[in-house]
Amino acid sequence: MMNLNPVLTIALPLILAFTKIMYRRIANLFLIVGSLINIFVVMFLKEGQYLMGGYRPPFGIILQVDTYALYSLLVLNVLFAALMLLVTKKAENLTSSSLIALAALNGLILTGDLFNLFVFLEIATIAALILVSSIKKYHQAFNYMVAGAIGSTFYLLGLGLLYKQYGTLNMARMHELMAASPSGSAVAVILIFIGLAVEIKLMPFSSWAAGVLKNADEWIGPMIGAIYGGVMMIVVGRLFTDIFVMDAKVRLMLSLLTLITLVGGEAAAFQSRKVREVLLYSGVAQAGLEALLILNGYPAIGFILVLSNMTAKYVMFLLAGYMAEEAGGDDFDRLTGVFRSNPVHGFAFTVAGLSLAGLPLFFGFIVKLNLLYNLMLSHSYWLPALILSASLVEGIYMLRMILGLWRLPEGHRGGLQVRILGSSHRRKYAVYTISMVLSLALILFGLAPDNALSIARRARGADTDGKPLVLITMKGGIGQ
Amino acid sequence: MNWLSLIVSLFLTGIAGYFIARIKPSLGAWIAMAASCAALLLVLLGGDALPGGPAWGLIRFEVTPLGWFFSLLIILVFSTNGIGSLAAKGRQHREPVYTMLYLFALAASLGVFAAENWLALFIFWEIAVWSSTFAIGLGNGRKGSVSYFGMSLLGSLMMLFAILAMGSAYQTFQIREALTTALQNPGPALMVFILMLGSSMVKLGIMPFHIWMPPAYTEAPDEFAPALAGGLSKLGAFTAFLVSAYLPISGFMGGSWRVKGLPALSYGLVLLASASIVFGTLMAIRQEDAKKLLAYSSAANGGYIIIGILMGTSMSVSGALVHLLAHALATTTAFSVLAVIVRQTGTSRMDALGGLAHRMPLTFLAFLTAILSLVGLPPMLGFVSKWLILQSLASQGLFLPAAAVVFGSIGSMLYAFRILSTVFLGQLKPRHRALQESSPGVLLSLAILSGATMGLGVYPSGLIQYTAKIEASLGMSETVQTAGLSIRGINGNLNALLIMGAFLIGMVIAGAIFFKAPRSRKVDLMDTYTAGEFIYSPELYHYGTQFAAPFERIYEKLPSISRVYAALASLTDDLGNLVKYLFFSPMPSRTALWISVVTILLIWGEVL
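These numbers were taken from a predicted model, which means no experiment stands behind them. (Residues numbered from 1 in each chain as written. Chains lettered and ligands numbered in written order. Predicted model: local features only at pLDDT ≥ 70, side-chain atom pairs only at ≥ 80, totals over all residues. Heavy atoms only, no water.)

Counting its regular elements, chain A contains 20 helices and six strands. The buried share of chain A, taken over its 480 residues, is 66%. Nonlocal contacts in chain A, meaning residues at least 24 apart in sequence, comprise 78% of its contacts between residues at least 6 apart. (Helix = DSSP H or I, 4+ residues; strand = E, 2+ residues; numbered from the N terminus. Buried < 20%, exposed > 50% of the residue type's maximum accessible area, 1.4 Å probe, protein only. Contact = heavy atoms within 4.5 Å.)

Below is the structure:
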């Protein structure tokens, strides 16, 4: 069996990004081939630590491939490559920045060094900024830049404090030292959390997300709304589970922030009457929930929640972008009945939405079930009750939106005659395939979730904070 | 054949039906009908000894007498409705996806009734909810499907919470085991009971959870409303039976406060159900639309069922089961008839109809049996169930609920006969002269339903014996007794056949008078004169017009629960607006401000 070096997933896109400049005419090809090769590389990665430049840790930078990183990389690269297959004229100008974004996102997942992580964070943000400016909303892009800059400054500030205290930037070493003497590190951890909170869209730091995603097209929506958000959450999952040690007070304060995000995000989504707005605020709320789980010692559940939300949001943002483009806007009234003339898209969107709302038959349900069950096992009834109330609100706005998109508008007999992507055959079939494959995957994992659950357990350990992770699987019922 | 394969094949037929109906839309209705009739045959022939089939992970089935009874009920509703809607040419009904959703809802309900554990039950419950939500969404309105889904979701989340609370406290999800363990270690037992019963009440549309019923019943496709009202809303009763049988209130709140021999909680819930009866009746009287009227009457009838379940005596539980069946048969009939009427006239407003009995006498007869059963008059099944419930209320000396039941029965005469007379009796509107009798398919399904209503009403012993079997299987120490053709009551026996005989004698006398007496002359509706008031449209002649106007002022002052829900929704909206205003402004400076404020707060909190 081949054993490839994970640095390839970072280096390859980078090299392609710069060589592309010389071959402008086949830029598309670079993008597609580059991202497909990356999937190939990820499939042949072996778990382990990889030293860069031959320095032993904690002195050199290392890349760490564990189950967590491996499956995150897999999902990331598959979703990314799928997006690249939809490449359009507009994206041709963005080849380099897309490839750089891919390199940086891979790096964020892989790196075993906190400063290296900062570098990738910066690269990823800058690449995203260029991508975002393609929607021509410069004010929103500027907002994003300011927020991103503040975020990375906070991260750097926190990191500086930690370095001063512990004298290392290596993640594993940092964890050892912090576990030995955690006192005095709280301020730094808070600063780092705030820095990352900007990226994972926690309230009140996420105003940029509203500006960007409200106007996102079929390219930016999945990229920023699903892929970026997901990867940043995976980074948070890494840092706040494996590395930083928090005392109960800090954990409580940060959890409060995530709870506010959950409630506020759902309320804002409930109030919205535009498809992309609903998606973006529900994404904010979901981010709150994911971060809540990660902070409170349920990283395995948090992990599958991130992956399942990422997939569902990806499909929905993709289709929402196309719908908005074809119909010239995305308010519910304008789009009433759009799925009547596009049933395949409608099916994919519906499946993703139902999964996101946590209804059975879909993956989202299994995740929600396990999430609530584990919370209840630790004899907490208030948190599950709050989460269930939030999902009541979520279910209502999600179904209201989906039903509206299916409903025949008054007077129209055949539904809204907007053909999503009637023009280009290649794009049309690419969107069909991608959205169908991903939504069928959500059904498949909903029916047979056991593998996904056991991967999550393997990735994030069976035992955190003394709370055993008990999974309810389809095959065997409750199991340790 | 086993239960698993029955359900799986229904699901697969649903998917296949979708694709076939896409090619040839008219086949969709046939597939839905054929599949549900085949299921009916199978469940009837297999009886409650039908094996559950191999376990497929969590999805395990076990057919119990209670589950079989419910399954038979829902398949009967779905298959007769399937036969009845064959000839329907409605737009919604012709949607290919309708066939799929219809069969999904049926298959999922069968899954609920035979589930071995709570998780499987919940999974099928939710599938039934979302498939029926989309089926309602195929109809005309906006509000119905969303409020149905919202309330159903509230109910299912309550149930999920209870299931997980049991699972985490007792390490089991097995239905009976979890509940009986809860009885022995009553930690979260009270919470579990309240939540489970709450979710049942949502489904049954008991006050204050009834608000989904009127919009959902009116806006659902005409062909789906019978299945929804007669079949799917009965899902709630199933879990209520399970919970109150295995986790009776007296078990975990035994010694503490009792009212009239019942634990205070039971009594309170019985009062709530009684309030639902009174309220549903009052609201039904007021309606102008036949479907809305039936929706409120369903809210009232759910009250009888819950009272029967909560009382927990052998008679009351039997009464609840029989009432469930009676109400299912009657509402399915009524909504099927309304579907025919709406298809032909385009309206279900009572004042726009009238005199239809002249045009569709057979349909009228079927509707008459349904209404008689709904009111609870012999010789219909509805009489038997109300008799049983009243008997057990009376024997316990529960005056208030008994008063509510009597009030509901008398009130139901007001509204049920009103719908009968405004729609079918009186004079035919000129524009309805061309109406035709229902199609043979509809008549067949109506014949089956009314036949069952009347047949079981005259000869209930077989049914009662089966409810006794259900009671025994639920572990009740006493079961309801039959003696020959009559049911044993507390202060006398019920011999329905005897009553039928008396009824027949009355009919013969009335018939003799009718045929002997001189006939009245038929006058056209508009062929009349008016005194003082100019009546220019047939509607104004109709006594159903503004029928409840004198009551309206009284009603206005009644507190409205739907206002509470509306207030909650607008509160959420306001919160969303506030969040957007505060945290999602397009000004980067505001973001920066928030970051600083939160940072300061967090660090301050840490340093303190």
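For the rest of this paragraph, the subject is the overall build of chain B. On a plain count of helices and strands, chain B comes out with 25 helices and five strands. Taken against the 2.2 N^0.38 rule, which gives 25 Å for 608 residues, the C-alpha radius of gyration of chain B at 26 Å falls within 12% of a compact globule. Each of the three principal axes of chain B carries a C-alpha extent, and together these read 100 × 65 × 55 Å. For chain B, long-range pairs separated by at least 24 residues make up 81% of all intrachain contacts whose partners lie at least 6 apart in sequence. For chain B, the accessible area works out to roughly 22,700 Å², and carbon and sulfur atoms hold 68% of it. (Rg over C-alpha atoms; globule rule 2.2 N^0.38 Å. Areas by Shrake-Rupley, 256 points an atom, 1.4 Å probe, with all protein chains shown as cover.)

Turning next to the nonpolar core. In terms of nonpolar packing, the biggest core is built from 393 residues, with Tyr228(A), Leu239(A), Phe240(A) and Trp118(B) touching the most fellow members. Ranked by residues supplied to this core, first place goes to helix α14 (residues 299-327) of chain A with 18 residues. Every residue in contact with Leu239(A), bar those within four places of it in the chain, is listed here: Leu114(A), Leu117(A), Tyr155(A), Met171(A), Ile192(A), Leu196(A) and Phe244(A). (Core = buried A, V, L, I, M, F, W, Y, C linked by side-chain atoms within 4.5 Å.)

On to the interface of chain A and chain B, then. Accessible area lost upon the coming together of the parts serves often as the stated size of an interface. Contact residues are listed per partner, giving 77 residues for chain A and 62 residues for chain B. For the chain A and chain B pair, buried surface summed over both sides reaches about 5,900 Å², with 76% attributable to carbon and sulfur atoms. In this structure, the salt-bridge partner of Asp573(B) is Arg273(A), at a minimum N-O distance of 4.0 Å. Our enumeration of links across chain A and chain B arrives at six residue pairs in polar contact (both at pLDDT 80 or more). If you tally residues by element for the side of chain A that touches chain B, the top one is helix α18 (residues 382-406) of chain A, at 13 residues. Looking at side-chain class alone, the side of chain A that touches chain B contains 52 nonpolar, 13 polar and 12 charged residues. (Buried area = accessible area lost by both parts, 1.4 Å probe. Salt bridge = Lys/Arg side-chain N within 4 Å of Asp/Glu carboxyl O. Polar contact = N/O pair within 3.5 Å; in protein donor to acceptor, adjacent residues only side chain to side chain. Nonpolar A, V, L, I, M, F, W, Y, C, P; charged D, E, K, R; others polar.)

Below, the discussion takes up helix α14 (residues 290-311) of chain B. All names here are of chain B. Taking 1.5 Å per residue as the helical rise, α14 with its 22 residues ought to reach 32 Å, and the 32 Å between its terminal C-alpha atoms agrees with that figure. Counting buried residues along α14, 21 of its 22 residues qualify, which places the element largely inside the surrounding structure. Taking the backbone nitrogen of Lys-291 as reference, a side-chain oxygen 2.8 Å away marks Asp-289 as the first, capping residue of α14. Following α14 by one or two positions, Gly-312 adopts a phi angle in the positive range, close to 75°. (Expected span 1.5 Å × (residues − 1).)

Moving on, we come to the domain arrangement of chain A. Residues and elements named next belong to chain A. Domains assigned within chain A are domain 1 (1-135) and domain 2 (137-479). Residue-level contacts link 50 residues of domain 1 with 54 residues of domain 2. Taken together, both faces of the contact between domain 1 and domain 2 bury some 4,700 Å²; the carbon and sulfur share is 74%. A per-residue breakdown of the area domain 1 buries against domain 2 is headed by Tyr-68, Leu-114 and Ile-135, which together make up 19% of the total. In this structure, the salt-bridge partner of Arg-238 is Asp-66, at a minimum N-O distance of 2.8 Å. Run the count over domain 1 and domain 2 and you get nine residue pairs in polar contact (both at pLDDT 80 or more). Residue assignment for the side of domain 1 that touches domain 2 shows that the elements contributing at least two residues are β2 (62-65), α3 (67-85), α4 (89-92), α5 (95-110) and α6 (114-132). Tallied by class, residues from the side of domain 1 that touches domain 2 come to 35 nonpolar, 11 polar and four charged. (Domains from an automatic or database assignment.)

Per-residue pLDDT for chain A has a mean of 82; in total, 90% of the residues score no lower than 70. Looking across chain A, the model is least confident in strand β3 (residues 463-464) of chain A, with a mean pLDDT of 51, and most confident in helix α13 (residues 275-295) of chain A, with 90. (pLDDT = per-residue confidence, 0-100.)

The next point concerns the sheet that holds strand β3 (residues 482-483) of chain B. Residue and element names in this part refer to chain B. If you trace the three strands from one edge of the open sheet to the other, you get β3-β4-β5, paired in antiparallel fashion. Two strands lie at the open edges of the sheet, namely β3 and β5 (493-494), each paired on one side alone. Across two bridges, strand β4 (residues 486-488) lies against β5 in antiparallel orientation. Bridge pairing links Ile-487 to Leu-494 in β5. (Pairing = 2+ DSSP bridges.)

What the rule picks out here adds up to 37 aromatic pairs over all chains. Ring geometry for Tyr144(A) and Trp208(A): centres 4.3 Å apart, planes at 25°, overall stacked. Of the two residues, Tyr144(A) sits in helix α7 (residues 138-166) while Trp208(A) sits in helix α10 (residues 207-214), which places them 64 residues apart along the sequence. Between the aromatic rings of Phe70(B) and Phe241(B), the centroid separation amounts to 6.0 Å while the plane-to-plane angle is 70°, which identifies the pairing as edge-to-face. On the criterion of sequence distance, the pair formed by Phe70(B) in helix α3 (residues 65-84) and Phe241(B) in helix α11 (residues 235-246) is long-range, its members being 171 residues apart. Of the two residues examined, Phe70(B) and Phe241(B), each falls in the buried class. In textbook terms, an aromatic cluster arises when at least three aromatic residues are bridged by ring pairs, as seen for Phe69(B), Phe70(B), Phe113(B), Phe238(B) and Phe241(B). In this structure, Arg400(A) packs its charged tip against the face of Phe270(A), placed 4.8 Å from the ring centre. (Phe/Tyr/Trp six-rings, centres within 6.5 Å; stacked < 30°, edge-to-face > 60°. Lys NZ or Arg CZ within 6 Å of the ring centre and 35° of its normal.)

Before going further, it helps to spend a moment on the domain arrangement of chain B. Domain assignment breaks chain B into domain 1 (304-557) and domain 2 (561-607). One C-alpha centre belongs to domain 1 of chain B, the other to domain 2 of chain B, and the line joining them spans 54 Å.

Next up on the list: α6(A). Side chains that are three or four residues apart share a direction in an α-helix, a result of its 3.6 residues per turn. Given a rise of 1.5 Å per residue, 19 residues ought to cover 27 Å, and the 26 Å separating the end C-alpha atoms of α6(A) matches this to within 8%. Where α6(A) begins, the capping side chain belongs to Asp113(A), and its oxygen is found 2.9 Å from the backbone nitrogen of Phe115(A).

Turning our eyes to something else, we now look at the pattern of salt bridges. Across all of its chains, the model carries 10 salt bridges over all chains by this definition. Where Asp48(B) meets Lys469(B), a salt bridge forms, and the shortest distance between an N and an O atom there is 2.8 Å. Of this pair, Asp48(B) sits in the loop between α2 (25-46) and α3 while Lys469(B) sits in helix α20 (residues 461-473), and the two are 421 residues apart along the sequence. Because the salt bridges share partners, they merge into one network encompassing Asp66(A), Arg238(A) and Asp242(A).

Residue and element names in this part refer to chain A. When you line up the elements, Thr-125 lands in helix α6. For Thr-125, a relative accessible area of 9% gives the class buried. Those residues within four positions of Thr-125 in sequence are excluded, and the remaining contacts are Tyr-144, Gly-148 and Glu-199.

We now examine the packing of helix α5 (residues 118-137) of chain B against helix α6 (residues 143-170) of chain B. All names here are of chain B. Between α5 and α6, whose axes approach to 9 Å, the crossing angle comes to 175°. As the angle between them shows, α5 and α6 are arranged roughly antiparallel. Across the interface between the two elements, Trp-118, Leu-119, Leu-121, Phe-122, Trp-125, Glu-126, Val-129, Ser-132, Thr-133, Ile-136 and Gly-137 of α5 pack against Gly-144, Ser-145, Tyr-148, Phe-149, Ser-152, Leu-153, Ser-156, Met-159, Leu-160, Ile-163 and Met-166 of α6. (Axes fitted to C-alpha atoms, helices over the stretch in contact; angles between N-to-C directions. Parallel < 35°, antiparallel > 145°, perpendicular 65-115°, else oblique.)

Turning our eyes to something else, we now look at unusual backbone geometry. Put simply, Met203(A) and Pro204(A) share a cis peptide bond, and its omega is 0°. Along the polypeptide, Pro204(A) turns up in the loop between α9 (186-199) and α10. Here the bond from Met207(B) into Pro208(B) is cis, since omega is 5°, no more than 30 degrees from zero. Secondary-structure assignment places Pro208(B) in the loop between α8 (189-204) and α9 (213-219). You will see that Lys201(A), though not glycine, has its phi angle at about 70°, which is positive. Look at Lys201(A) and you get buried, because its relative accessible area is 5%. Unusually for a residue other than glycine, Leu361(A) sits at a positive phi of about 90°.

Let us look at the packing of helix α16 (residues 361-375) of chain B against helix α19 (residues 440-458) of chain B. Residue and element names in this part refer to chain B. With their axes 9 Å apart at the nearest point, α16 and α19 run at an angle of 30° to one another. Two packed elements cross with a definite hand, and for α16 against α19 that hand is left-handed. Contact residues: α16 offers Leu-362, Thr-363, Ala-366, Thr-369 and Ser-373, while α19 offers Leu-443, Leu-446, Ser-450, Thr-453 and Met-454. A per-class count over the contact of α16 with α19 returns five nonpolar, five polar and no charged. (Left-handed = near helix turned anticlockwise from the far one by under 90°.)

So, on to the environment of Ala390(A). Residues and elements named next belong to chain A. Inspection of the secondary structure assignment puts Ala-390 in helix α18. Residue Ala-390 is classed as buried on the basis of its relative accessible area of 8%. Separated by 62 residues in the primary sequence, Ala-390 and Gly-328 place their C-alpha atoms 31 Å from one another.

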